[in-house]
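Residue-level structural notes
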Amino acid sequence: MNALRPKLSVLGNHLFLSSFSLLMLYPVIWWIGASLKKTEEMRLPTIWPETPMWGNYTKGWNFSAEFSFGHFFANTLMMEFWNVLGGVLTSAVVAYGFARLNFKLRSFWFSILLLTMMLPGQVTIVPQYILYNNLGLVDSYIPLILPHFFGGGAFFVFLLVQFIRGIPKDLDEAAKIDGASVYGIFLRVVFPLIKPALVTVAIFTFIWSWDDFFGQVLYLSSVEKFTVGLALRMFIDQFEIQWGQLLAMSLLSIVPSVIVFFLAQKHFVEGIATTGLKG
């Protein structure tokens, strides 16, 4: 009997976790089923339709006479490429400066950087919009991309600073003895060692930028420049909302984020875990 207790305990844990997982997956299962329903079937309590409407995906993909949904995916992915590139590179450079270089008032400026994390985005959105409007940059991707080339955000800088501080300074000293400059130490020693944290920055940047509906609706007004989020809103602007097509396209809109997360999951978990151990 005593030998069975550990096995029963493990079985009970597995059953509990499996049941909890199904509970968490229920909204996604309903979402998939609803994307295959007719509009008049949306109010029915069934999860899966009797006759799946796979045409919701093709009709939703080509709902616009001018542009297919692939056009909006291309716009969004182009913007994401520059956002991730800028966020990863510049946050690494800024974090290296705070973690390794000695300059006047370093602690003060780092404290100011952290204080900006407490500043609500609603406070800065109006002056930012006025600035970009005066520069003639509204209805372009520049207001959505440019901020990522100025440090990538205080949270990412703080994350990388903590990671870099955990790298032994003896490696820097050894590189100096070999004749490496400050830039050489960063490129050849520090940058390769912070890869897990950089992957974390890239994933967060990708997902947050992909979900930034407010910024996109604020700065983009031309249909040909619309992102996926704005394209989904066009379904609601129609006289009669085709809910099946809308849900089908919204389901496809999360696929890139899911793929990015699962492809980089190992480095993502490693980056979060090891950053928490840095002193």
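Residues numbered from 1 in each chain as written. Predicted model: local features only at pLDDT ≥ 70, side-chain atom pairs only at ≥ 80, totals over all residues. Heavy atoms only, no water.

Considerations on the overall build of the chain
Each helix and strand counted, the chain has 15 helices and 0 strands in total. Taken over C-alpha atoms, the radius of gyration comes to 24 Å for the chain, far larger than the 19 Å a tight globule of 279 residues would show. Each principal axis of the C-alpha distribution contributes one length, and for the chain these read about 75 × 70 × 35 Å. Counting every atom, the chain has about 16700 Å² of accessible surface; 69% of that belongs to carbon and sulfur. (Helix = DSSP H or I, 4+ residues; strand = E, 2+ residues; numbered from the N terminus. Rg over C-alpha atoms; globule rule 2.2 N^0.38 Å. Areas by Shrake-Rupley, 256 points an atom, 1.4 Å probe, with all protein chains shown as cover.)

Comments concerning the confidence of the model for the chain
The predicted structure's coordinates, where accompanied by low pLDDT, should not be read in detail. Overall, the predicted model of the chain reaches an average pLDDT of 87, with 91% of residues at or above 70. Element-level pLDDT for the chain is lowest in helix H15 (residues 265-276), with a mean of 60, against a maximum mean of 95 in helix H6 (residues 142-145). (pLDDT = per-residue confidence, 0-100.)

Remarks on the packing of aromatic side chains
Tallied over the entire structure, the rule returns 26 aromatic pairs. Aromatic pair phenylalanine 63 and phenylalanine 69: ring centres 6.0 Å apart, planes at 55°, arrangement tilted. Relative accessible area serves as the criterion here: at 18%, phenylalanine 63 is assigned to the buried category. Three or more aromatic residues joined by ring pairs form one cluster here, namely Trp61, Phe63, Phe67, Phe69, Phe72, Phe73, Phe206, Trp210 and Phe235. When the ring centre of phenylalanine 110 is taken as origin, the NZ or CZ atom of arginine 165, which lies over that ring, is 5.4 Å away. (Phe/Tyr/Trp six-rings, centres within 6.5 Å; stacked < 30°, edge-to-face > 60°. Buried < 20%, exposed > 50% of the residue type's maximum accessible area, 1.4 Å probe, protein only. Lys NZ or Arg CZ within 6 Å of the ring centre and 35° of its normal.)

What about the side chain of serine 91?
Mapped onto the elements, serine 91 comes out in helix H3 (residues 69-100). Relative accessible area serves as the criterion here: at 0%, serine 91 is assigned to the buried category. One polar contact links the side chain of serine 91 to the main-chain carbonyl oxygen of glycine 87, over a distance of 2.4 Å. Those residues in contact with serine 91 that lie beyond four places of it in its chain are Gly86, Gly151, Phe156, Val157, Leu160 and Val201. (Polar contact = N/O pair within 3.5 Å; in protein donor to acceptor, adjacent residues only side chain to side chain. Contact = heavy atoms within 4.5 Å.)

Let's talk about the nonpolar core
Residues Phe69, Phe72, Val190 and Ile194 are the most contacted members of the largest nonpolar core, which totals 59 residues. Looking at this core element by element, the count peaks at 11 residues for H3. Among residues more than four places away in sequence, those in contact with phenylalanine 72 are Phe63, Phe67, Val223, Phe226, Thr227, Val228, Ala231 and Met234. (Core = buried A, V, L, I, M, F, W, Y, C linked by side-chain atoms within 4.5 Å.)

A closer look at the packing of helix H7 (residues 154-165) against helix H10 (residues 195-210)
Following both chains from N to C, one finds H7 and H10 inclined at 170°, their axes separated by 10 Å at the closest point. The orientation of H7 relative to H10 falls into the category roughly antiparallel. Residue-level inspection shows Phe155, Phe156, Leu159, Leu160 and Phe163 of H7 in contact with H10, the latter providing Pro196, Ala197, Leu198, Thr200, Val201, Phe204, Thr205 and Trp208. Broken down by class, the residue content of the contact of H7 with H10 amounts to 11 nonpolar, 2 polar and no charged. (Axes fitted to C-alpha atoms, helices over the stretch in contact; angles between N-to-C directions. Parallel < 35°, antiparallel > 145°, perpendicular 65-115°, else oblique. Nonpolar A, V, L, I, M, F, W, Y, C, P; charged D, E, K, R; others polar.)

Re the environment of tyrosine 26
Among the secondary structure elements, tyrosine 26 is positioned in helix H1 (residues 4-34). Sequence-wise, tyrosine 26 and glutamine 242 are 216 residues apart; in three dimensions their C-alpha atoms are separated by 23 Å.

Overview of unusual backbone geometry
The phi torsion at leucine 105 lies on the positive side, around 60°, for a residue other than glycine. Tracing the backbone shows leucine 105 in the loop between H3 and helix H4 (106-115). Note on leucine 105: relative accessible area 48%, which makes it partly exposed. The backbone of aspartate 139 sits at a positive phi, close to 65°, despite the residue not being glycine.

Notes on the pattern of salt bridges
Inspection of every chain in the model, using the stated rule, returns 1 salt bridge. Between aspartate 172 and arginine 100 there is a salt bridge, and its shortest N-O distance comes to 2.7 Å. Here aspartate 172, found in helix H8 (residues 170-177), pairs with arginine 100, found in helix H3; they are 72 residues apart in sequence, far enough to count as distant. Accessibility expressed as a relative area gives 6% for aspartate 172, which makes it buried. Since its relative accessible area comes to 11%, arginine 100 is described here as buried. (Salt bridge = Lys/Arg side-chain N within 4 Å of Asp/Glu carboxyl O.)

Some thoughts on the side chain of serine 257
Checked against the element boundaries, serine 257 lands in helix H14 (residues 255-263). Judged by its relative accessible area of 12%, serine 257 falls in the buried class.

Examining the environment of glutamate 240
Examined against the element boundaries, glutamate 240 turns out to sit in the loop between helix H12 (228-236) and helix H13 (243-253). It is 36 Å that separates the C-alpha atoms of glutamate 240 and isoleucine 130, two residues lying 110 residues apart in sequence.

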